[in-house]
Amino acid sequence: MRTGPLGREIAIALGFKLLALIVLYIAFFGPAHRIKVTPAQMAEALSASAPR
């Protein structure tokens, strides 16, 4: 199965786009950017916003 020049260019472009999406995900949404919320913090936040 041989791929012509157009097929090769499309495959390379899709590869670069996939690589760019992975880099953006790691840069902005990766595990290093997640905030760890403890049950005590959540209880405090919920009780602070509850009407009295």
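Structure: see above.
Bear in mind the structure is a predicted one, so any value in this text is a computation, not a measurement.

Procedures and definitions
- Residues numbered from 1 in each chain as written.
- Predicted model: local features only at pLDDT ≥ 70, side-chain atom pairs only at ≥ 80, totals over all residues.
- Heavy atoms only, no water.
- Helix = DSSP H or I, 4+ residues; strand = E, 2+ residues; numbered from the N terminus.
- Rg over C-alpha atoms; globule rule 2.2 N^0.38 Å.
- Buried < 20%, exposed > 50% of the residue type's maximum accessible area, 1.4 Å probe, protein only.
- Areas by Shrake-Rupley, 256 points an atom, 1.4 Å probe, with all protein chains shown as cover.
- Patch = residues over 30% accessible without salt bridge, like charges linked within 9 Å, V, L, I, M, F, W, Y side chains within 5 Å.
- Salt bridge = Lys/Arg side-chain N within 4 Å of Asp/Glu carboxyl O.

**Student:** So what's going on with the overall build of the protein? Residues and values would help.
**Tutor:** Helix and strand counts for the protein come out as two helices and zero strands. The globule rule puts the C-alpha radius of gyration for 52 residues at 10 Å, and the 23 Å found for the protein is more than 25% above it. Sorting the 52 residues of the protein into buried and exposed places 2% on the buried side. In the form shown here, the protein has an accessible surface area of approximately 5200 Å², with 72% of it arising from carbon and sulfur atoms.

**Student:** Describe the environment of Pro-39, with residues and values.
**Tutor:** By secondary structure assignment, the location of Pro-39 is in helix α2 (residues 39–49). For the pair Pro-39 and Ala-13, spaced 26 residues apart in the sequence, the C-alpha separation amounts to 45 Å.

**Student:** Before we move on, could you go through a nonpolar patch on the surface and cite the residues and values that matter?
**Tutor:** Taken together, the side chains of Leu-18, Leu-21, Ile-22, Leu-24, Tyr-25, Ile-26, Phe-28 and Phe-29 present a nonpolar region at the surface, about 880 Å² in accessible area. Its location among the elements puts Ile-22 in helix α1 (residues 5–29). Among the residues examined, Ile-22 registers a relative accessible area of 42% and is labelled partly exposed.

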